[in-house]
Amino acid sequence: MIDIKLVRENPELVKQNCINKNDKSDIDALIALDVQRRSIIQEVEDLKGTRNVVTLEISALKKSGSDAIDKIASMREVGDKIKELDETLRDVEEKISSIMLLIPNIAHPTVPIGKDANDNVEVRRVGECMERTWHVDHIEISRQLGILDFERGAKVTGGGFGFYVGKGARLERALINFFVDTNTERHGYKEIMTPFVVNADSCRGTGQLPKSHDDMFYIEKDDLYLIPTAEVPITNFHRDEIISGAELPMKYAGYSACFRREAGSHGKETRGFLRVHQFNKVELVKFVRPEKSYEELESLVGNVEYILQQLGLTYRVLLLCSGDMTFGGSKTYDLEVWSPFEQRWLEVSSCTNFEAFQARRANIRYKDSASTKPEFLHTLNGSGLATSRVLVALLEHYQTEDGHVNIPACLQPYCGFDRI
């Protein structure tokens, strides 16, 4: 979340940022509650000060044998008033917290102002956009080759789920291993394997709750959530911790299955692996010093680009406008690959600098020495990569006219074959 001090000191900035991010948070209501909160705290402190003084007076009266009944009665009233104010304060603080959890992060000054994806800015493009020619979509080619089965996925589970079969399963596993190995061995990330379910505190820490509750799979009996991304457990790995500054930056790469209800995606493309409820992804998470976070963001994007280049896919990098960013992001780059059959771009990675937004929610701080004050660090994350749409692009991009699919050289050692 953002710092309440920013709301107090620069409310117009916060209000304009909400407008820029298409958010309707009531900042005026928050300011009024904050004023009320501080007023109550001051009144309680004044009453406690009075009680301390009068308590000494009562003690003196008792020692001297004088009557202290009236003062004792008045202090009971003061005690009752303090109790009443404490209850009111708890209610006000809960209201403040509920609003603060939904206020979007401040967009970085370099983020273009815009309403939606139409206002995103293409930063660069690598490769040529292939024409459709003989290409068939990933559903048809995978059916012909017997490597993906969406019909049985729907039978066994429901729409938005699928089976990887034979060489399709081997290719999917190859992608995961290639992504993990490249990011750990070449780019210096530490591998981490996470739980696939998390508690509500973890979801609040990274910003999924309460904002995206309807898009998550919830296990009511255990009060747990299936993870929408490994970002959630990896970031919360250091929740409520103070990290030594000497350890920064800390970089993790973790594979997980990801589960998303996509409750807000009605009417969007749902065929095959273009939009699914379960998919595989390797997530990259960084914990860094605030002054280094934007340098680390560019490095993160470069790590993802390297993999796309090794795969030989045409891709582009987009700088997201304010209205198309997640509410927690300060600056985000999306990476999209070209789909020869669909003749459009498919998002395969989103790389975001959250600055201190997640660290403040999850209480993740760092300090350089025992004598320095702990500070909130900055968190970043990005997909490195999500496999489902990469697989779509590979099946379409590497098709041959005779109905086979060639395997990129970088994946062949992982697959054990060079074509399907």
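The model shown is predicted, which means the values in this text are computed figures rather than measured ones.

Another point: the pairing of strand β9 (residues 250–259). Judged by how many residues are buried, β9 sits mostly within the fold: 8 of 10 residues are covered. Summarising the sheet, strand β4 (residues 190–191) and β9 pair through 2 bridges and their orientation is parallel. By the bridge assignment for β9, Glu-191 is matched with Ala-253. Pairing analysis gives 10 bridges linking β9 to strand β10 (residues 278–288), with the strands arranged antiparallel. Along β10, the bridge assignment pairs Ser-256 with Lys-281.

Here helix α2 (residues 11–20) crosses helix α3 (residues 27–64) at 145°, and the two axes come no closer than 10 Å. Here Pro-11, Val-14, Lys-15 and Cys-18 of α2 come into contact with α3, specifically with Ile-27, Asp-28 and Ile-31. Here the residues of the contact of α2 with α3 are counted per class, giving 5 nonpolar, no polar and 2 charged.

With respect to the helices and strands, Phe-327 occurs in the loop between β11 (315–319) and β12 (331–339). Residues Phe-327 and Asn-105, 222 residues apart in the sequence, show an inter-C-alpha distance of 6.0 Å. Discounting residues that sit within four places of it in the chain, Phe-327 has contacts with Lys-21, Leu-101, Leu-102, Ile-103, Pro-104, Asn-105, Gly-207, Lys-211, Phe-357 and Arg-361.

Quick look at the sheet that holds strand β14 (residues 365–367) now. Across the sheet, 3 strands lie side by side as β8-β14-β15; this open sheet has mixed pairing. Looking at strand neighbours, the two that pair on one side only are β8 (242–244) and β15 (375–376), the edges of this open sheet. In this sheet, β14 lies alongside β8 in parallel orientation, the contact comprising 3 bridges. Across the sheet, the residue bridging to Ile-242 is Arg-365, located in β14.

Conventions and cut-offs
- Residues numbered from 1 in each chain as written.
- Predicted model: local features only at pLDDT ≥ 70, side-chain atom pairs only at ≥ 80, totals over all residues.
- Heavy atoms only, no water.
- Buried < 20%, exposed > 50% of the residue type's maximum accessible area, 1.4 Å probe, protein only.
- Helix = DSSP H or I, 4+ residues; strand = E, 2+ residues; numbered from the N terminus.
- Pairing = 2+ DSSP bridges.
- Axes fitted to C-alpha atoms, helices over the stretch in contact; angles between N-to-C directions.
- Contact = heavy atoms within 4.5 Å.
- Nonpolar A, V, L, I, M, F, W, Y, C, P; charged D, E, K, R; others polar.

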